[in-house]
Amino acid sequence: MLLLGGLATFVFVFLPERVVDPVAPTRPAVDNGRSPTPPANAIAPFEAADLARAREQSEAKLAEFFELEAQLQEQLNVTAWGADDLDRIKDRASTGDQLFLEGRYQESLDEYAGAVLDMAALADKGRAQFRSAMENGQAALAELDHQNAVEAFEKALTIRSDDPEARAGRDRASSLPEIVELLRQSERAILRGEYADADRYLSEVRALDPATAGLPERAARIADARATQRRRDTLSEGFVALERGEHDEAIAAFDRVLKANPADPDGLAGLQQAEQARLLAEIDRLRDAAEKQESEDQWSSALANYDAILDIDPSLRFARDGKTRIATRMALIESMQTFIDDPGLLSDDNEFARARKVLADAGAYPPGGAVFQARLDDLRVVVERSSIPVALVIDSDNETEIMIPKVGSFGPFLRHELKLRPGRYVIIGSRDGYRDVRDEIILQADFEPLQIRCTEPI
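Q: Tell me what's going on with the pattern of salt bridges, and back it up with residues and numbers.
A: Summed over the entire model, instances satisfying the criterion amount to 42 salt bridges. Across the pair E187 and R221 runs a salt bridge, and its minimum N-O distance is 2.2 Å. One end of the pair, E187, is in helix α7 (residues 176-192); the other, R221, is in helix α9 (residues 215-243), with 34 residues separating them in the sequence. According to the relative accessible area criterion, E187 is partly exposed, its value standing at 25%. Residue R221 is classed as partly exposed on the basis of its relative accessible area, which comes to 38%. Note that D197 and R200 form a salt bridge whose closest N and O atoms lie 3.5 Å from each other.

Written out as structure tokens, the structure is:
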């Protein structure tokens, strides 16, 4: 630099004073009648103009050279990476200086121009090396490659020591060993199913370098793994509850799975099983209640439960049979109660036959509750009692005609004894000129003699 500066001072300050100005006027020659003879070292005007132009161009190129050199030194720290190339270019510029001193301006211009081009190429090379180092550093950061990242950013800083992006890259690279270890810890936590710890390790990485490559993807993978584990746990909870018969809890668990993914096949299958199991359990509960109520003669409640079962599934035969059985049993009880409440009906042959049929039907029916059995026992007693004829003694006046509907007519008599089934009978007495008499009795064993006489004249 000192040498080139000295040469430049010499060229621009001292040399012009020592070189004959090619266009300066010469001293006028004495007019002796002959043409003047030019000096021996005189230069033609046109050539002198070219030389002057070449000199100016050489000076401009040299200035451009110095400017490029300053940029290389100040902005690209060229001595740290291109010292040999810089020395070679300076040598070429020195050759241009020598040619300039010799007045060979065009040749000097060519050397200066070449040196400027070489210097510009060297600057481009430095910038290219800086870009390449930065790209390599960023790539190494993305690959979590500590050594190559540090080397790349250090190389970039060798070229541009104050570049903020390169400094930031070097700082990020210095954290890579700790970041890599934290990422490994996060991966191990995922494998152990410790997703909170895995997230915590990623948070520590973000604190060190929020721009670490792959952080969003790792966080998403942890979230997916957490969701998968949560799904498995919820499904397990649902199926365990299903096995315990806790159908509502099972349905709630499967609903949570389907809330996250309505098309989840296991959630859909589990929900279907749980709902079906709940229906079956409800049917079993209603059936047990109905059968218990039926055995305890709670007919209305039993019918209501059978109806509820059929609302769930109208095809269930046992519920239809239960309703039919209760209806039949209630009809039998009603019929039995009719004869029990009014045994006199059995005096009629048709009613007696009907009572016997009711008794037979009730006896053949599956055992019912206490009420049904009690009615059956009571009817059996009534029918058995009505099956044994008892004596009916009628006292009259030997003038009154006696008639017993559905039994027969009897002429006048003083006393007549009949053997009839216990029951209700109507005894009618009639006599010419007298008002008929009518007496309704309930015949049973040890019945007192009956007085039938027409005594009220018309």
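Q: A description of the packing of aromatic side chains should follow, citing residues and the corresponding values.
A: One pass over the structure, following the stated rule, counts 2 aromatic pairs. Seen from their ring centres, F100 and Y105 are 5.0 Å apart, and the 65° between their planes marks the pair as edge-to-face. Aromatic pair F239 and F254: ring centres 4.9 Å apart, planes at 65°, arrangement edge-to-face. Of the two residues, F239 is situated in helix α9 and F254 in helix α10 (residues 247-260); the sequence distance between them amounts to 15 residues. The class of F239 is partly exposed, set by a relative accessible area of 29%.

Q: For the packing of helix α11 (residues 265-295) against helix α13 (residues 317-341), give the residues involved together with the corresponding values.
A: Put simply, α11 and α13 touch, their axes get as near as 12 Å, and they point 15° apart. If you check the angle between α11 and α13, you find them roughly parallel. Pair α11 / α13 crosses with left-handed handedness. Listed contacts from α13 to I283, R287 and E294 of α11 are F318, R325, I326 and R329.

Parameters at a glance
- Residues numbered from 1 in each chain as written.
- Predicted model: local features only at pLDDT ≥ 70, side-chain atom pairs only at ≥ 80, totals over all residues.
- Heavy atoms only, no water.
- Salt bridge = Lys/Arg side-chain N within 4 Å of Asp/Glu carboxyl O.
- Helix = DSSP H or I, 4+ residues; strand = E, 2+ residues; numbered from the N terminus.
- Buried < 20%, exposed > 50% of the residue type's maximum accessible area, 1.4 Å probe, protein only.
- Phe/Tyr/Trp six-rings, centres within 6.5 Å; stacked < 30°, edge-to-face > 60°.
- Axes fitted to C-alpha atoms, helices over the stretch in contact; angles between N-to-C directions.
- Parallel < 35°, antiparallel > 145°, perpendicular 65-115°, else oblique.
- Left-handed = near helix turned anticlockwise from the far one by under 90°.
- Contact = heavy atoms within 4.5 Å.

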